[in-house]
Amino acid sequence: MALALDVDDLVEANRLAQQLRPWFGVAKVGLELFTAAGPDAIGAMIDAGYEVFLDIKLHDIPTTVGKSANVAGALGASYLTMHAHGGATMLRAGVDGFLEGARNAGLPEPTALAITVLTSDEEAPAHIVPNRLRVAVEAGCGGIVCAAADLKDIREMAPRTMRVVPGIRAAGAERHDQPKAVTPTEALQAGANLLVVGRAVTLADDPAAAAAALFAGVE
Ligand code: C5P
């Protein structure tokens, strides 16, 4: 399980990370926290016992993406997101940079993740997800971030690709801005390998109790 630390303050992120460590092995550091705290956020989560998922959705010229991904690898991120929209050359540069950065720092091989389409992009035509998936897999990305609804197609097209799914909620719970929310069990049964959970626990009065309830009965 990946905990989405969508906060702008490292003190708050650390508090959530400590409280929720029994439920999560991966801490997702997104643009908000990374803009606020930078590499310190990565180091703090590693020190707290998490693998770090650096969700900064790189999308730039291949040289810039490659060099940035190299830094992310050297800092110890285990996962890094890039926009598949950036194309094969950019993704390949990002994958190579990420792996090289980790290797040079003596760290285990990390996994580059491709974003196919943002859930907020309501105008994206249906054929875009399979097209971008193909580009991402050919460029060497080890995983893909996708909606639970796309899991079946992605499993068929790229069975060895890791499938990361956000938009997780308890049945009947507040969806916030997640149009395609599913329960943990639904996502896992549909073939998700890593679930990303944010506000369902981070906004709760008692985050640990919310996590316990959300994951009750999940294998
Ligand atoms: O909705 P929740 O707080 O669980 O969001 C967790 C993660 O899901 C966010 O950090 C973001 O990466 C992703 N997300 C998404 N689509 C949305 C809202 C969030 O994919 N509409």
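Structure's up top.
Conventions used here
- All residue numbers refer to positions counted from 1 along the written sequence of the respective chain.
- Since the coordinates come from a predicted model, pLDDT governs what is reported: local features require at least 70, and pairs of side-chain atoms require 80 or more to be given and counted, while whole-chain, interface and lining totals use all residues.
- Hydrogen atoms and water are omitted, and side-chain values are computed over all heavy atoms in the structure.
- A 1.4 Å probe rolled over the protein chains alone gives each residue an accessible area, and that area as a share of the maximum for its type sets the label: buried under 20%, exposed over 50%, partly exposed in between.
- Only DSSP runs of H or I reaching four residues or more are called helices, and only runs of E reaching two or more are called strands; each is numbered from the N terminus.
- At least two bridges found by DSSP between two strands is the condition for calling them paired.
- If the strands point away from the viewer and the path from the first strand over the helix to the second runs clockwise, then the crossover is right-handed.
- Patches here: salt-bridge-free residues with over 30% relative accessible area, like charges joined within 9 Å, nonpolar side chains (Val, Leu, Ile, Met, Phe, Trp, Tyr) joined within 5 Å.
- For accessible areas, the Shrake-Rupley method is used with a probe of radius 1.4 Å. Any residue's cover is judged against the shown protein chains and nothing else.
- For this analysis, a salt bridge means a side-chain nitrogen from Lys or Arg found within 4 Å of a carboxyl oxygen belonging to Asp or Glu.
- For the purpose of charge, His is not counted, nor are the chain termini; Lys and Arg are scored as positive and Asp and Glu as negative.
- Charged side chains are reduced to one point each, which is NZ for Lys, CZ for Arg, CG for Asp and CD for Glu.
- Note on contacts: a residue pair is in contact if any heavy atoms of the two residues lie within 4.5 Å.
- A cavity, in this analysis, means grid points on a 1 Å lattice covering only the protein atoms where a 1.4 Å probe fits yet has no way out; a pocket is instead an open set bounded by protein on both sides within 12 Å along at least five of seven lines, and a residue lines either one if it has an atom within 4 Å of a point.
- Grid points are joined across faces, edges and corners, and a volume is the space filled by probe spheres set on the points.
- Throughout, near means a residue has at least one heavy atom within 4 Å of the molecule or strand.
- Here a polar contact is recorded for every N or O atom pair within 3.5 Å, except that within protein the pair must consist of a potential hydrogen donor and a potential acceptor, and residues adjacent in sequence are included only if both atoms are side-chain atoms.
- Cavity and pocket membership follows a simple rule, namely that a molecule belongs there if more than half of its atoms are within 2 Å of the grid points.

Visitor: Can you help me understand the pairing of strand β5 (residues 111-115) in this one?
Guide: Side-chain direction in a regular strand flips from residue to residue, so the side chains alternate between the two faces of the sheet. Counted residue by residue, β5 has five buried out of five residues, so it is predominantly covered. Burial of the side chains of β5 extends over both faces: T111, L113 and I115 are buried on one face and A112 and A114 on the other. As paired strands, strand β4 (residues 77-83) and β5 are joined by five bridges and run parallel to one another. Note on β5: the bridge partner recorded for Y79 is T111. Handedness of the β4-helix α5 (residues 88-104)-β5 crossover: right-handed.

Visitor: Just to check I follow, could you spell out a negative patch on the surface for this structure?
Guide: A cluster of like negative charges, contributed by D6, D8, D9 and E32, occupies part of the molecular surface. Along the chain, D8 turns up in the loop between β1 (2-4) and α1 (10-20).

Visitor: Whenever I open this one, the environment of T161 confuses me. Can you help?
Guide: Summarising the element assignment, T161 is placed in the loop between α7 (151-157) and β7 (162-165). Classification of T161 as buried rests on a relative accessible area of 8%. Setting aside chain neighbours within four positions, we find T161 in contact with V137, G142, G143, I144 and N193.

Visitor: Would you take a moment to explain the layout of surface pockets for this structure?
Guide: Rolled over the atoms, a probe as big as a water molecule pinpoints where empty space is left. Volume-wise, the largest pocket comes out at about 1,000 Å³. Taken together, 41 residues line the largest pocket, and the ones lying closest to its centre are L118, T119, S120, P166 and Q178. Where the lining of the largest pocket is concerned, the elements lending two or more residues are β2 (26-30), α2 (31-37), β3 (51-58), α6 (128-138) and β8 (194-197). Sort the elements by how many residues they give to the lining of the largest pocket and β3 lands first, with three residues. When its volume is computed, the second largest pocket comes out at roughly 190 Å³.

Visitor: When you look at the site of the ligand in this model, what are you seeing that I'm missing?
Guide: Lining the immediate surroundings of the ligand are 13 residues, of which D6, K28, T119, R169 and R199 lie closest. D6 places a side-chain nitrogen or oxygen 2.7 Å from an oxygen atom of the ligand. Within the backbone of D177, a nitrogen or oxygen atom sits 3.0 Å from a nitrogen atom of the ligand. Starting from 460 Å² of accessible surface for the ligand in isolation, the protein chains cover 84%. Taken atom by atom, the bulk of the ligand overlaps the largest pocket.

Visitor: Sorry, what's going on with unusual backbone geometry here?
Guide: A negative phi holds for most residues other than glycine; trans holds for most peptide bonds. Of note, K57 is a non-glycine position whose phi angle comes to about 40°, a positive value. The topology assignment puts K57 in strand β3. In this structure K57 comes out as partly exposed when scored by relative accessible area, which is 26%. The phi dihedral of H176 is positive, around 50°, even though this residue is not glycine. By secondary structure assignment, the location of H176 is in the loop between β7 and α8 (184-189).

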